[in-house]
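# Secondary and tertiary structure notes
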Amino acid sequence: MQLPPKVTDRAFDRLAEIGAADQGQALRIAVEGGGCSGFQYEIALDTPKSDDLVLEGKGQKVVVDEISLPFLENAVIDFTEELIGARFTIENPNATSSCGCGTSFSM
C-alpha cells in the first residue's frame, strides 16, 4: 500500500498567507530527472489537474501528479524560515542521499 505525502500545518499556513487558493492555485510538488543527485523537486504554484492527488488543509491545496507520487511516498512537505531565507521543503524517507540545496536527491 502506497502512503501519500503529508503536508504540515506550516505549509498550509504559508499557502494561505500568499493567497494561493484565492488565486485558484495549489502548490504543485513534482519529481523530475536531473539535478546533481539524479532526481530533483519541482515546486511551484499551479492549477490542479484532474489526475492529481490533492492534499487539502486550511482551505489550501497541495497537488502531486501520478508519475511523481511513487517518489514521494510517505514524504513530509513543510515550510521553513531561516536566517538565509524561507522555502517549502520535502523530507523524503525514500531518498538515499541528497545535495546540500535540498532540491536534488537519489533513490
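The paragraphs below set out a description of the structure included in this document. (Residues numbered from 1 in each chain as written. Predicted model: local features only at pLDDT ≥ 70, side-chain atom pairs only at ≥ 80, totals over all residues. Heavy atoms only, no water.)

### Describing unusual backbone geometry
Its identity as a non-glycine residue notwithstanding, K58 has a phi of 55°, on the positive side. Structurally, the position occupied by K58 is in the loop between strand 4 (53-57) and strand 5 (60-64). If you check the backbone angles, N74 has positive phi at about 60° while not being a glycine. With respect to the element layout, N74 can be found in the loop between strand 5 and strand 6 (76-82). (Helix = DSSP H or I, 4+ residues; strand = E, 2+ residues; numbered from the N terminus.)

### A closer look at the packing of aromatic side chains
What the rule picks out here adds up to two aromatic pairs. Their ring planes at 45° and their centres at 4.9 Å tell us that F39 and F71 sit as a pair that is tilted. Separated by 32 residues along the polypeptide, F39 in strand 3 (residues 39-46) and F71 in the loop between strand 5 and strand 6 bring together distant segments of the chain. Relative accessible area serves as the criterion here: at 23%, F71 is assigned to the partly exposed category. Consider the rings of F79 and F88, whose centres lie 5.0 Å apart with planes at 65°: the pair is edge-to-face. Taking the relative accessible area as the measure of exposure, F79 reaches 9% and is therefore buried. (Phe/Tyr/Trp six-rings, centres within 6.5 Å; stacked < 30°, edge-to-face > 60°. Buried < 20%, exposed > 50% of the residue type's maximum accessible area, 1.4 Å probe, protein only.)

### Section: the pattern of salt bridges
Note that side chains of opposite charge can pair when their charged atoms are close. All told, the structure shown has six salt bridges when counted by the stated rule. Here D78 ties to R10 by a salt bridge, and the two come within 2.3 Å at their closest N and O atoms. Of this pair, D78 sits in strand 6 while R10 sits in helix 1 (residues 9-17), and the two are 68 residues apart along the sequence. A residue is classified by how much of its surface remains accessible, and D78, at 10% relative accessible area, is buried. E17 is the salt-bridge partner of R14, the closest N and O atoms lying 3.0 Å from each other. Residue R14 and its partner E17 are located together in helix 1, separated by three residues, close to a single helical turn. Among the ionic contacts, a cluster of salt bridges with common partners joins R28, D46, K49 and D52. (Salt bridge = Lys/Arg side-chain N within 4 Å of Asp/Glu carboxyl O.)

### Observations regarding the sheet that holds strand 1 (residues 6-7)
Pairing within the open sheet is mixed, and its three strands lie in the order 1-6-7. The open sheet is flanked by strand 1 and strand 7 (85-91), the only strands paired with a single partner. Of the strand pairs in this sheet, strand 1 and strand 6 are connected by two bridges, and their pairing is parallel. By the bridge assignment for strand 6, V7 is matched with I77. (Pairing = 2+ DSSP bridges.)

### A look at the nonpolar core
Counting 19 residues, the largest nonpolar core has I29, V62 and L72 as the members making the most contacts within it. Listing elements by their share of this core, those giving two or more residues are helix 1, strand 2 (26-33), strand 5, strand 6 and strand 7. Excluding its chain neighbours within four sequence positions, the residues that come into contact with L72 are P5, I29, V31, Y41, V64, I90, N92 and N94. (Core = buried A, V, L, I, M, F, W, Y, C linked by side-chain atoms within 4.5 Å. Contact = heavy atoms within 4.5 Å.)

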